[in-house]
Amino acid sequence: MSDSLNRRTLLRSTGAIAAAGLLAGCSGDGGDATESATDDEMTESATEAEMTESGGSSMEASDEVADYLGETSNFDGTVADMTGQDTVTVTVGAEANGGAFGYDPAAVQISSGTTVEFEWTGEGGTHNVKSEGDGPLDSGGAVDTEGVEYEHTFESSGTFRYYCTPHKSLGMKGAIVVE
Ligand SMILES: [Cu+2]
């Protein structure tokens, strides 16, 4: 720990230490006070980072995405920004479209090189992940098990639209935008 950080932390803790009457010659309790002040600080910044990640910024969807997800109940016209992450999770069988018939988030933007893990909830019957046209996503036959049943790493940019074969007509569709 640098001298300046020690001094800063000590200054901040001085009030509490002085109030306890332990300012002079009390390395033990003083040390504890310094430690907990640092812990608080770390907890605060960790919470902030988490909120940014999950609370999430979002951006307006392109026409291609908006048209594709027009009948998807959990699509609100925006794309969740999850760029800059090695791994992103999309829930399969999320509450949407009149049951557990959704992908969550329905639309997400990621960086190229990101692995998307599709995590089944086990709800809503059997689901799969299948690209429109000749796209790269194909989890195979629909299953109703729980857990990460499929993952795909997106190496090149583009807009990738996909659906669940049994529930496409209900609106169980998703889009991944790779920048
Ligand atoms: Cu489904």
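Anything mentioned here points back to the structure above.
Values in this document were obtained by computation on a predicted structure and should not be read as measured data. (Residues numbered from 1 in each chain as written. Predicted model: local features only at pLDDT ≥ 70, side-chain atom pairs only at ≥ 80, totals over all residues. Heavy atoms only, no water.)

## Section: unusual backbone geometry
Turning to step 1, where the next piece is worked out: Here Asp 104 and Pro 105 are connected by a cis peptide whose omega angle stands at -5 degrees.
Turning to step 2, where the next piece is worked out: The backbone of Asn 97 shows a phi angle near 55 degrees, a positive value even though the residue is not glycine.
Turning to step 3, where the next piece is worked out: Inspection of the secondary structure assignment puts Asn 97 in the loop between β3 (87-96) and β4 (99-104). (Helix = DSSP H or I, 4+ residues; strand = E, 2+ residues; numbered from the N terminus.)

## Points about the coordination of the copper ion
Turning to step 1, where the next piece is worked out: Donor atoms from the polypeptide that bind the copper ion are His 127 (ND1), Cys 164 (SG), His 167 (ND1) and Met 172 (SD), placed at 2.0 to 2.6 Å.
Turning to step 2, where the next piece is worked out: Seen from the copper ion, its 4 donor atoms lie at angles of 93 to 129 degrees, and the figure they make is tetrahedral.
Turning to step 3, where the next piece is worked out: For the copper ion, the donor residues sit on a single chain with the sequence spacing H-x36-C-x2-H-x4-M. Remark: Cys 164 occurs in the loop between β9 (158-163) and β10 (173-178) and His 127 occurs in the loop between β6 (115-120) and β7 (130-131); sequence separation between them is 37 residues. (Donors = N, O, S within 2.8 Å, 3.2 Å for Na, K, Ca; no water. Tetrahedral: all angles 85-135°; square planar, octahedral: opposite > 155°, others 65-115°.)

## Topic: the sheet that holds β9
Turning to step 1, where the next piece is worked out: One open sheet holds the 6 strands; their spatial order is β1-β2-β5-β10-β9-β7, and the pairing between them is mixed. Taken across any chain shown, the strands that pair with only one partner, and hence form the sheet edges, are β1 (58-60) and β7.
Turning to step 2, where the next piece is worked out: Bridge count for β7 against β9 is 2 bridges, and the pairing is antiparallel. Bridge pairing in β9 links Ser 131 to Tyr 162. (Pairing = 2+ DSSP bridges.)

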